[in-house]
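Close look at the chain arrangement
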Amino acid sequence: ANGVGPEVLAAVSRKAVEKAKECTRTHEWEQIARLLFDHGRHLESAEVWTERGNHPQAVACLIEAGDFQQAEQIVKMAPDGERNECYDMLAQAYYERGQEFWPQAFYYYHQSNNSQGRETIVNRCLQLEAYLVLTRCWVKVDEYDKARAVANGRRIRDNGADAEIAAQCYGAIGDLEDAARCWIQIYYRELERCEQLLGPDPEDRSPHRASLKRFFDNMKNQADRYGCLLYTSPSPRDLSTSRMPSS
């Protein structure tokens, strides 16, 4: 393949695939499939393995090529005896891609009944305090009670960072009512902080007006996002007489 142009290499690879499909001896088409893989023609190698009914090898090639969508399609074609192996391969590949893909990894470990794989992801999320990711993992496998337990665990901690995480977790679950309650909690806490720092009339205090406007705009955006009528919440100058009811 050294010194060969991409068009020529593609044409040669195509001929190799057709040759492999015609082979009657297993060792011959397997050799072609492996040569294609070794020369970076992962998609063509996957095609040969798929044609010959070796779905785990096909999935491995597609993962190497970064074509996860096609790999998932191949898994659906795999017989029962190969499917769990394919699920685990996909799960491991998604896990290695990083936190963003852990819910997908969790889903495939769930599909293969790999409790050790699921436990690894749960423990890693807890170690990294990646509670939103963990919530999405449980949602991915329809374990809403466990997802809610993660959100509730953040909500009972009385600080702004955890309230925001809880709001995001509730949003991932689809519980917009509880998400909105958390955003309201944050909203009032920040308003009180403004009053403590700037006095009872912070809106009238230049040069802080621009930063306060950004804060209020941000909270109104959160209100729109969760369908909560924060527009009717008291302004900072009303805080001395109006506070969030205790619950």
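Look above for the structure.
Residues numbered from 1 in each chain as written. Predicted model: local features only at pLDDT ≥ 70, side-chain atom pairs only at ≥ 80, totals over all residues. Heavy atoms only, no water.

Topic: the state of the cysteines
In protein chemistry, a disulfide is the covalent bond that joins the sulfur atoms of two cysteines. As a reminder of what qualifies: Cysteine sulfur pairs qualify as disulfides if the two atoms are within 2.5 Å.
On inspection of all chains with the given rule, the structure shows 0 disulfides. Here Cys-137 is not disulfide-linked; the sulfur of Cys-125 is the nearest cysteine sulfur, at 4.8 Å. Cys-182 forms no disulfide, and the closest cysteine sulfur to it belongs to Cys-169, at a distance of 9.1 Å.

Focus on the environment of Phe-106
Using the following cut-off: Secondary structure elements are taken from DSSP: a helix is a run of H or I of four residues or more, a strand is a run of E of two residues or more, and numbering for both begins at the N terminus. By the convention used here, residues are in contact when the closest approach between their heavy atoms is within 4.5 Å.
With respect to the secondary-structure elements, Phe-106 resides in helix α7 (residues 102-111). Setting aside anything within four residues of it in sequence, one finds Phe-106 in contact with Arg-118, Ile-121, Val-122, Cys-137, Trp-138 and Val-141.

Digging into helix α2 (residues 26-38)
Quick reminder of the rule: Multiplying 1.5 Å by the helix residue count minus one yields the expected span of that helix. Summary of the burial criterion: residues with accessible area below 20% of their type's maximum are buried, those above 50% are exposed, and those between are partly exposed, where the area comes from a 1.4 Å probe applied to protein chains only. Note: the arc covers the axis-to-C-beta directions of the helix.
For α2, spanning 13 residues, the distance from its first C-alpha to its last is 18 Å, which sits close to the expected 18 Å at 1.5 Å a residue. Looking at α2, one finds that the buried residues are Trp-29, Ile-32, Ala-33 and Leu-36. The buried side chains of α2 occupy one side of the element, clustering within an arc of 95° when seen end-on. The exposed set on the far side of α2, more than 90 degrees from its buried face, consists of His-27 and Asp-38. Remark: Gly-40 follows α2 within two positions and exhibits a positive phi of approximately 80°.

Quick word on the packing of aromatic side chains
Put simply, the rule reads: Stacked, edge-to-face and tilted are the three classes for Phe, Tyr and Trp ring pairs, Trp counted by its six-membered ring, which pair at centre distances within 6.5 Å; planes under 30 degrees apart are stacked, over 60 edge-to-face, the rest tilted. We call a charge positioned over a ring when the NZ of a Lys or the CZ of an Arg lies within 6 Å of the ring centre and within 35 degrees of the ring normal.
Overall, the coordinates contain 8 aromatic pairs when judged by the stated rule. Note on Tyr-94 and Tyr-108: the rings are 6.1 Å apart at their centroids and 0° apart in plane angle, and the pair reads as stacked. Here Tyr-108 lies in helix α7 and Tyr-94 lies in helix α6 (residues 80-96), a separation of 14 residues in the sequence. Looking at Lys-140, its charged tip hangs above the ring of Tyr-107, at a distance of 5.9 Å from the centre. One Lys or Arg, Arg-154, reaches over the ring of Tyr-131 and ends 3.9 Å from the middle of that ring.

Function cannot be inferred from these measures alone, as they are strictly geometric.
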